[in-house]
Amino acid sequence: MQSRRVSIIRYEKKVWYQAPFYGAVEGTKEALGWSQEFLSIFAHPAELIKNISGPVKVVSVGQQAASEGLLTMIRFAQSFRSI
């Protein structure tokens, strides 16, 4: 399953009489993009279940990394720096 990127919202100043229409168009595009992302996620439930894990799984993987040694534990801890 290929992951799509949802666009980052841009803030642009528009003329007062154009702003509501511009907002409606851009808001609709954003809503459609998110809807498409959610539909693509839920279209593959096996992939969704495989990739979701809670805190119990994180602790389990952390314990496994700790049992493999210090270097593995450091790499595991570094993987959370981007969160």
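So, a few notes on the structure that sits alongside this text. It should be emphasised that the depicted structure is a prediction, and the values quoted were computed from it without experimental measurement.

The number of helices and strands found in the protein chain is four helices and zero strands. Taking all 83 residues of the protein chain together, 7% fall into the buried category.

Our focus in this paragraph is the packing of helix α3 (residues 55–68) against helix α4 (residues 70–78). One way to put it is that α3 packs onto α4 with a least axis distance of 6 Å and a crossing angle of 150°. By the angle class used here, α3 and α4 are roughly antiparallel. Judged by the twist between their axes, the crossing of α3 over α4 is right-handed. Here α3 contributes Val-58, Val-61, Gly-62, Ala-65, Ala-66 and Glu-68 to the contact with α4, which in turn contributes Thr-72, Met-73 and Phe-76.

All right, on to the side chain of Ser-40 then. Tracing the backbone shows Ser-40 in helix α1 (residues 19–42). Accessibility expressed as a relative area gives 15% for Ser-40, which makes it buried. A distance of 2.8 Å separates a polar atom in the side chain of Ser-40 from the backbone oxygen of Glu-37.

What counts, and where the lines are drawn
- Residues numbered from 1 in each chain as written.
- Predicted model: local features only at pLDDT ≥ 70, side-chain atom pairs only at ≥ 80, totals over all residues.
- Heavy atoms only, no water.
- Helix = DSSP H or I, 4+ residues; strand = E, 2+ residues; numbered from the N terminus.
- Buried < 20%, exposed > 50% of the residue type's maximum accessible area, 1.4 Å probe, protein only.
- Axes fitted to C-alpha atoms, helices over the stretch in contact; angles between N-to-C directions.
- Parallel < 35°, antiparallel > 145°, perpendicular 65-115°, else oblique.
- Left-handed = near helix turned anticlockwise from the far one by under 90°.
- Contact = heavy atoms within 4.5 Å.
- Polar contact = N/O pair within 3.5 Å; in protein donor to acceptor, adjacent residues only side chain to side chain.

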